[in-house]
Amino acid sequence: MASGDDDITEEWSDDEVEMTAADVQQKIEEAWLNEKFAPDLLESKSELVDCMLEQIQQMESNISRCKKGDFRISVHKMEIDRIRYILNSYLRIRLGKIEKYFHNILKKEAARKDDEPSRLSLEEFAFAKEFAENTENHFKSVALRHMPPNLQALEQDKRAPKPNLDAYVFLRANQKQEQVLIEPELEDDQNAEVIDLEEGAQYIMRYQPIASLVTDAAVSLI
């Protein structure tokens, strides 16, 4: 049977690292929870999803070679179902955010520098563009064409929904973080509030100040 002792080589931040199947599974579960609780769309982990799908195929292949009646078959099938649920939920959450915040997401993508990682996979980017075009065409055909010419312009920057980055989230510190600025907009103010995050401790605070720590895996949302 496939186990956590299987080695998987995965591209990660331009470096090749050795990850076991258990490592990949842990990372995709962390990505799922972060995506679930973050108000904003996070960086795509499509390479982890692909890696986990390959692992599922290997597990299913190993199951097919087991003798009928082997008790391990049902155990591993339940584990495969659990992993599939996490992957499906992760992808559905991301698509839901893309559909809701497509204008904001595509605007950020257009302004992204070449050395900055994209938050969208290639498939998600194509979906976001097509969804935006279809939404605009539908809105024009159903509503705008019936309005006076001076009211037919779409002001999406003003009307399009945006993620609430000031929403409060629960988090766990994966490593000690000192002098975390709670109010970034007060960075030049001597009275700006800062806090030290202790490794393993749990906190509740606004998402925006710790968004970069989520990206760097310094904290995990729970």
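The structure this text deals with has already been given above.
All values derive from a computational prediction rather than experimental measurement.

> What am I meant to see in a nonpolar patch on the surface here?
Residues Phe71, Val75 and Met78 make up a contiguous nonpolar surface patch of roughly 350 Å² in combined accessible area. Among the structural elements, Val75 can be located in helix H3 (residues 71-111).

> Which parts of the structure should I look at to understand unusual backbone geometry?
Peptide bonds are trans in most cases, and residues, glycine excluded, mostly fall at negative phi. A positive phi angle, near 55 degrees, is found at Gln179, a position not held by glycine. Backbone geometry at Ala217 places phi at a positive 65 degrees, although glycine is not the residue there. Among the structural elements, Ala217 can be located in the loop between helix H6 (207-215) and strand E7 (219-221).

> What is the right way to look at the packing of aromatic side chains in this model?
To describe a pair of aromatic rings, you give the distance between the ring centres and the angle between the ring planes. Summed over the entire model, instances satisfying the criterion amount to three aromatic pairs. Here the aromatic rings of Trp32 and Tyr85 are separated by 6.2 Å at their centres, their planes lie at 85 degrees, and the arrangement is edge-to-face. In this pair, Trp32 is assigned in helix H1 (residues 21-37) and Tyr85 in helix H3, connecting sequence segments 53 residues apart. On the basis of relative accessible area, Trp32 is assigned to the buried category, the value being 14%. Members of the aromatic cluster, connected to one another through ring pairs, are Phe102, Phe127 and Phe131.

> Before we go on, may I ask you to explain the layout of surface pockets in this structure?
Unoccupied space between atoms shows up once a probe the size of one water molecule is rolled over them. Within this model, the second largest pocket holds a volume of roughly 380 Å³. Forming the walls of the second largest pocket are 17 residues, and the residues nearest its centre are Leu41, Lys108, Glu116, Pro117 and Arg119. Among the elements of the structure, H3 and H6 are those that each provide at least two residues to the lining of the second largest pocket. Along the lines of polarity and charge, the residues of the lining of the second largest pocket split into seven nonpolar, three polar and seven charged.

> What's the story with helix H2 (residues 46-64) in this structure? I'm lost.
An α-helix turns once per 3.6 residues; consequently, residues spaced three or four apart project the same way. Counted at 1.5 Å a residue, the expected span for H2 with its 19 residues is 27 Å, and the 27 Å between its end C-alpha atoms agrees. What H2 keeps buried is the set Leu48, Val49, Cys51, Met52, Gln55, Ile56, Met59, Asn62 and Ile63. Buried residues in H2, looked at end-on, bunch into an arc of 160 degrees, giving them a common side. When the buried face of H2 is taken as reference, the exposed residues oriented beyond 90 degrees from it are Glu54, Gln57 and Ser64.

Parameters and conventions
- Residues numbered from 1 in each chain as written.
- Predicted model: local features only at pLDDT ≥ 70, side-chain atom pairs only at ≥ 80, totals over all residues.
- Heavy atoms only, no water.
- Patch = residues over 30% accessible without salt bridge, like charges linked within 9 Å, V, L, I, M, F, W, Y side chains within 5 Å.
- Areas by Shrake-Rupley, 256 points an atom, 1.4 Å probe, with all protein chains shown as cover.
- Salt bridge = Lys/Arg side-chain N within 4 Å of Asp/Glu carboxyl O.
- Helix = DSSP H or I, 4+ residues; strand = E, 2+ residues; numbered from the N terminus.
- Phe/Tyr/Trp six-rings, centres within 6.5 Å; stacked < 30°, edge-to-face > 60°.
- Buried < 20%, exposed > 50% of the residue type's maximum accessible area, 1.4 Å probe, protein only.
- 1 Å grid on protein atoms, 1.4 Å probe; cavity = no way out; pocket = protein on both sides within 12 Å on 5 of 7 lines; lining within 4 Å.
- Points joined across faces, edges and corners; volume = space filled by probe spheres on them.
- Nonpolar A, V, L, I, M, F, W, Y, C, P; charged D, E, K, R; others polar.
- Expected span 1.5 Å × (residues − 1).
- Arc of directions from axis to C-beta.

What is shown is where atoms sit, not what they do.
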